[in-house]
Structure formats: C-alpha cells, structure tokens
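So the chains spell out like this:
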Amino acid sequence: MVCTFRMQAQWDPAISHYWTIKGFYNPSFAGETDQIRASGIYRLQWTGIQSAPQILIATSDMPFEFLGRRHGFGIVAFSENIGRTRNNLLAAQYAFRRKIGKSSLAFGVQAGMYNLTFDAGSLHTTTDSIKNNIPVIRANMTEKKALDLNAGISWSGRSFYTGLSALHLTEPWFYARRDSIAASDAHTDSTRLHIPRSFNFIAAYNIRLFNPLEIQPMVWIQSDLAVTKVQATLRLVYNNKFSGGASWVKDDGYVFFAGAVIQGIDAGYAYSLHTSGIGKESKGSHEVYLRY
C-alpha cells in the first residue's frame, strides 16, 4: 500500500490592518455600527521578489431595520494576482443582530463566487537563471468558477469585540496543474484540490489610560487545522485621530504601522519585516488602507 499526503499553504491572505476589514473574515460584523462603512486595503507582498502577490480588498456594510429587528448587509470584493494571473471574489453578507444589555450578539453568513486562475495554496519561490537568479514566485495554474460560503458569530460592546468564523464551508474544488502539464491532462484525481476550510478568531479591547490616549491590544488567529497563523497587536490611539503600533506575527516576523483620521477619512500604512518563511528573501511587504 502507498499513501501520499499533499500539503498546501493557507489560502486566506494575512493582512496587517486586519481590524479595519474584519468583516472580510467574519460576515457577522456587517452592520456593526450605526453608519455606512467602506474600507479598502492594498498590499504589496514580498517586495524584491518577482511576481510577488498583490492583494486588493474592498468591503462595505450598513445596518438596517426590518420587522422591528436589527440586521446588517455587506459587500466584499477581493483580488489577488501573481504576475498576469489573478483570483477574484465577489460576495454578499447578511447579519442578524440582537442587543443584549449594552452589548450586541450577531450571526452572519456570506455567499460569493470565486473566479480562480491559480492555486493560492501552492505559492513557492524559484530562481530565474536568465535574470541573475532573481527569486520568482510561482503557483500552479487552474481555471474554475466556484461558489464560496462563510459563516461567523461575534459579540461587540462599547470597549471590546470578539468573533469566530468558518470560511470556505463547502471547500470549493478545482483542478490544478503546473505550466509543464497540458490542460487536457490535468483533470485527474491527483490534480483535484480543494480550498481548505479555515477558521478565524479575533479579539480586541480598548483601554483608556487617560484622555485622550487609548491602548488597543488585539489578537487574530487564522487556522486551517494544518497551518496556524497568529498576529498579536498593540495599537495606540491619540485623540481619536492619530494611531500607531506594532504586531508580532508567528513564524513570519513583525509589522510596524501608523495612521491618521483626516476629515472623516481614516488612512494608514504598514511595513512588514519578515524574519522567516518566503518573505525572508524579500525586502519586506507594504500595505496601505483607507476607511470611511
């Protein structure tokens, strides 16, 4: 008897400003506030490595009342590309919210459609001998449209929030192939893969030391039961306008970030210093966000 096991990296991107788009990873945060919210993040991953991933995420959500109950609605758009290949996701979210004292308990679901052109779990580095052995990101190719479903639960209060979600509930399948394999030969049992089901946990607390300084410790855990990523963050906010801090990322490195609110627009920048993994060969990662 012969048994083989195929290992894959995580599909879901690890974002430095994860608290600004927490609804992307947990649909129950849709309609969390009394206002319409819109956020956008652009991440340039692993600069200095050719064809390194570029990630764009946009989210928008709003609350609404129906039959005397509080609900939330949201839209999510996601794009990730390496070189000329790109994966896209467009999804809609619904959340049911229930007031419990001064806190709020919410349940959310998300349904969307993936347009896949590469296997995000197969990212690896190789060298381009023609260009002085420059590191290059490669991935196995695919061509598939797939339905994707997420669900989550969250609990929010005036000075804290926490949430748990499950992504890719149906584990959408696709066929993956290397560039050297013809598309006609790629549809076999050995090339049929799934987007792995993953789980996300987030928790944050707002500590008011003295007006107008606030300290916000946060933690974010991503796991597909094979690979687990942990980010622990300490964020300082001054006068609700200026912010900055740092994160420790398990098995990756450190993140340093800063931001400011200007006429209702929250903007920020983060630099990731990678001390292990693929990113160790790079010059770091850059990320910017805008939130209204």
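Parameters at a glance
- Residues numbered from 1 in each chain as written.
- Predicted model: local features only at pLDDT ≥ 70, side-chain atom pairs only at ≥ 80, totals over all residues.
- Heavy atoms only, no water.
- Buried < 20%, exposed > 50% of the residue type's maximum accessible area, 1.4 Å probe, protein only.
- Helix = DSSP H or I, 4+ residues; strand = E, 2+ residues; numbered from the N terminus.
- Pairing = 2+ DSSP bridges.
- Salt bridge = Lys/Arg side-chain N within 4 Å of Asp/Glu carboxyl O.
- Contact = heavy atoms within 4.5 Å.
- Polar contact = N/O pair within 3.5 Å; in protein donor to acceptor, adjacent residues only side chain to side chain.
- Phe/Tyr/Trp six-rings, centres within 6.5 Å; stacked < 30°, edge-to-face > 60°.
- Patch = residues over 30% accessible without salt bridge, like charges linked within 9 Å, V, L, I, M, F, W, Y side chains within 5 Å.
- Areas by Shrake-Rupley, 256 points an atom, 1.4 Å probe, with all protein chains shown as cover.
- Lys, Arg positive; Asp, Glu negative; His and termini not counted.

Moving on, we get to the pairing of strand β18 (residues 265-274). Alternating residues of β18 divide into Asp266, Gly268, Ala270, Ser272 and His274, all buried, and Ile265, Ala267, Tyr269, Tyr271 and Leu273, none buried. Where strand β17 (residues 253-262) lies against β18, ten bridges are found, and the strand directions are antiparallel. If you follow Val255 over to β18, its bridge partner there is Ser272. As consecutive antiparallel partners, β17 and β18 are separated by two residues, and within that stretch Gln263 has a phi angle of approximately 50°, a positive value. Strand direction decides the pairing type here: β18 and strand β19 (residues 285-291), joined by seven bridges, are antiparallel. When the bridges of β19 are listed, Tyr269 appears paired with Val288.

The subject of this paragraph is the pattern of salt bridges. On inspection of all chains with the given rule, the structure shows nine salt bridges. Its salt-bridge partner being Asp34, residue Arg70 comes within 3.0 Å of it at the nearest N-O pair. Separated by 36 residues along the polypeptide, Arg70 in strand β3 (residues 69-82) and Asp34 in the loop between α1 (22-25) and β1 (37-44) bring together distant segments of the chain. Where salt bridges share partners, they join Lys22, Glu32, Arg37 and Asp61 into one cluster.

Before going further, it helps to examine the environment of Arg43. Along the polypeptide, Arg43 turns up in strand β1. Among the residues examined, Arg43 registers a relative accessible area of 3% and is labelled buried. Sequence separation of Arg43 and Tyr271 is 228 residues, and the distance between their C-alpha atoms is 9.9 Å. Once residues within four sequence positions are removed from consideration, Arg43 is found in contact with Ala14, Ile15, Ser16, Pro53, Gln54, Ile55, Ser272, His274, Ser285, His286 and Glu287. A polar side-chain atom of Arg43 sits 3.4 Å from a polar atom in the side chain of Ser272.

Here the focus is the packing of aromatic side chains. Within this structure, the stated rule accounts for eleven aromatic pairs. Aromatic pair Tyr18 and Trp19: ring centres 5.2 Å apart, planes at 85°, arrangement edge-to-face. Here Tyr18 matches Trp19 in class, with each residue buried. The interplanar angle of 90° and the centroid separation of 4.8 Å between the aromatic rings of Phe24 and Tyr25 together place this pair among those described as edge-to-face. Per residue, the accessibility class of Phe24 equals that of Tyr25, and both read buried. Three or more aromatic residues joined by ring pairs form one cluster here, namely Tyr18, Trp19, Phe24, Tyr25, Phe78, Trp220 and Phe257.

Let's shift gears to a nonpolar patch on the surface. There is a patch of nonpolar side chains on the surface, built from Ile36, Met62, Phe64, Phe66, Leu67, Phe73, Ile75, Leu90, Tyr94 and Val109 and spanning about 980 Å² of accessible area. Counting only elements with at least two residues in the nonpolar patch, the list comes to β2 (54-66), β3 and β4 (85-100). Sorting elements by how many residues they give to the nonpolar patch places β2 first, with three residues. Along the polypeptide, Tyr94 turns up in strand β4.

This brings us to the side chain of Asp148. For Asp148, the location among the structural elements is in strand β8 (residues 141-156). For Asp148, which is buried and forms no salt bridge, the nearest opposite charge comes from Arg197, at a distance of 9.2 Å. Looking at Asp148, its side chain comes within polar contact range of the side chain of His168, at 2.8 Å. With residues near it in sequence (within four places) discarded, Asp148 still touches Gln110, Ala111, Gly112, Tyr114, His168 and Pro172.

This part covers the side chain of Ser122. Looking at the secondary structure, you find Ser122 in the loop between β5 (103-118) and β6 (124-128). Separated by 2.9 Å, the side chain of Ser122 and the backbone nitrogen of Asn140 make a polar contact. Excluding residues that lie within four positions of it along the chain, Ser122 makes contacts with Arg138, Ala139 and Asn140.

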